[in-house]
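Fold and geometry: a report
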Amino acid sequence: MTKSIETMWKEGFINETQLDVPKVNDLYNRKSQNLVDKLLNMFAINIKAIVIGSIVMLIGMSLIGAPFLGLYICALLIPLVVIAQKELGKSNNISKGQSSFDYLVNFDHWLKTSIKTYAVYYRFFYPLFFIGMVTQGVVSKAGGKVIALMLEKFPTDILILGLPYYLAGIISLAFLIITYYADALYRLDLNIVYGRQFKKMEELLSDMKTLRNHT
């Protein structure tokens, strides 16, 4: 082919004599396969990025004197990698012996189920990550200086876990907000990385349904 499928798609069919069902079906088949392959490749790369990122995070945190925070973050990321590998493995069970439309429908179902599985873990990940960062900040020398300065500016005898009550209240409120919006945060992250491909998936499924209804 001298033109890519994406180029053909954008240009459309100028010559109406080309609008026969086999050619249109073939174009949709190749387009759907390219989209699925691209998404699966992105998922695989993301797993590798998490592993490499966790190692870099551990080394970086150790160099700045926060090795326990580095280990803590790695511990949070390990279940994510396990879940990601398990979910990616499930994609191999999607039957490819069906029509491209059926395969794409099944792939879309697997994708949405997988996203729900990730969402469950991220409801715990974000709050726990926040706790780790706050704890490191509080026990660090810089954090100690900030707390001492706050007590100097806003003195109080009411301390909660060594923190002035107002600071403890702010941290608690932030924790509750992050916990409540954890799912939304995950969806936002997901949309930033994969949003464009997901939109293409929806459009392709819609087009293929329309084509099937007119054949």
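Presented here is an overview of the structure given in this document.

**Things to note about the overall build of the protein**
Counting its secondary structure elements, the protein contains seven helices and two strands. The 215 residues of the protein split such that 32% are buried. In the protein, the share of contacts with a sequence separation of at least 24, taken over all contacts with a separation of at least 6, comes to 69%. If you sum the accessible surface of the protein, you get close to 13900 Å²; carbon and sulfur atoms cover 65% of it.

**Some words on the packing of helix α3 (residues 67-90) against helix α4 (residues 100-139)**
One can describe the packing of α3 onto α4 by two numbers: an axis separation of 10 Å at closest approach and a directional angle of 180 degrees. Judged on the interaxial angle alone, α4 and α3 are roughly antiparallel. Along the lines of polarity and charge, the residues of the contact of α3 with α4 split into 19 nonpolar, four polar and two charged.

**Topic: the packing of aromatic side chains**
Counted according to the given criterion, the structure contains 14 aromatic pairs. Where F125 meets Y126, the ring centres are 5.7 Å apart and the plane angle is 75 degrees; that geometry is what we call edge-to-face. The two residues F125 and Y126 agree in class, both being buried. Chaining the aromatic ring pairs together yields one cluster made of Y121, Y122, F125, Y126, F129 and Y186.

**Some remarks on a nonpolar patch on the surface**
On the surface, V51, I55, I59, L63 and I64 cluster together into a nonpolar patch covering about 520 Å² of accessible area. Along the chain, the position of I55 falls in helix α2 (residues 21-63). Taking the relative accessible area as the measure of exposure, I55 reaches 48% and is therefore partly exposed.

**Remarks on the pattern of salt bridges**
With the rule as written, the count across this model stands at four salt bridges. When salt bridges that share partners are traced, they join R123, D183 and R187 into one network.

**Notes on α3**
Taking 1.5 Å as the rise per residue, α3 with 24 residues should run 34 Å; its terminal C-alpha atoms sit 35 Å apart, in good agreement. Where α3 is concerned, the buried positions are L69, G70, I73, C74, L76, L77, L80, V81, I83, A84 and E87.

**A word on α4**
Counted at 1.5 Å a residue, the expected span for α4 with its 40 residues is 58 Å, and the 56 Å between its end C-alpha atoms agrees. For α4, the principal kink sits at Y121 and spans about 30 degrees.

**Here we look at the nonpolar core**
If you look at the biggest cluster of nonpolar residues, it comprises 47 residues, and the most contacted ones within it are L39 and Y186. Going through the elements one at a time, α2, α3, α4, α6 (165-180) and α7 (182-213) are the ones with two or more residues in this core. Here this core takes 14 residues from α4, the largest share from any one element. Dropping the residues within four chain positions of it, L39 is found in contact with F107, Y194, Q197, F198 and M201.

**As for the side chain of D108**
Inspection of the secondary structure assignment puts D108 in helix α4. Assessed through its relative accessible area of 12%, D108 is described here as buried. With residues near it in sequence (within four places) discarded, D108 still touches M201 and L205.

Conventions and cut-offs
Residues numbered from 1 in each chain as written. Predicted model: local features only at pLDDT ≥ 70, side-chain atom pairs only at ≥ 80, totals over all residues. Heavy atoms only, no water. Helix = DSSP H or I, 4+ residues; strand = E, 2+ residues; numbered from the N terminus. Buried < 20%, exposed > 50% of the residue type's maximum accessible area, 1.4 Å probe, protein only. Contact = heavy atoms within 4.5 Å. Areas by Shrake-Rupley, 256 points an atom, 1.4 Å probe, with all protein chains shown as cover. Axes fitted to C-alpha atoms, helices over the stretch in contact; angles between N-to-C directions. Parallel < 35°, antiparallel > 145°, perpendicular 65-115°, else oblique. Nonpolar A, V, L, I, M, F, W, Y, C, P; charged D, E, K, R; others polar. Phe/Tyr/Trp six-rings, centres within 6.5 Å; stacked < 30°, edge-to-face > 60°. Patch = residues over 30% accessible without salt bridge, like charges linked within 9 Å, V, L, I, M, F, W, Y side chains within 5 Å. Salt bridge = Lys/Arg side-chain N within 4 Å of Asp/Glu carboxyl O. Expected span 1.5 Å × (residues − 1). Bend = angle between axes of the 7 residues up to and from the residue. Core = buried A, V, L, I, M, F, W, Y, C linked by side-chain atoms within 4.5 Å.

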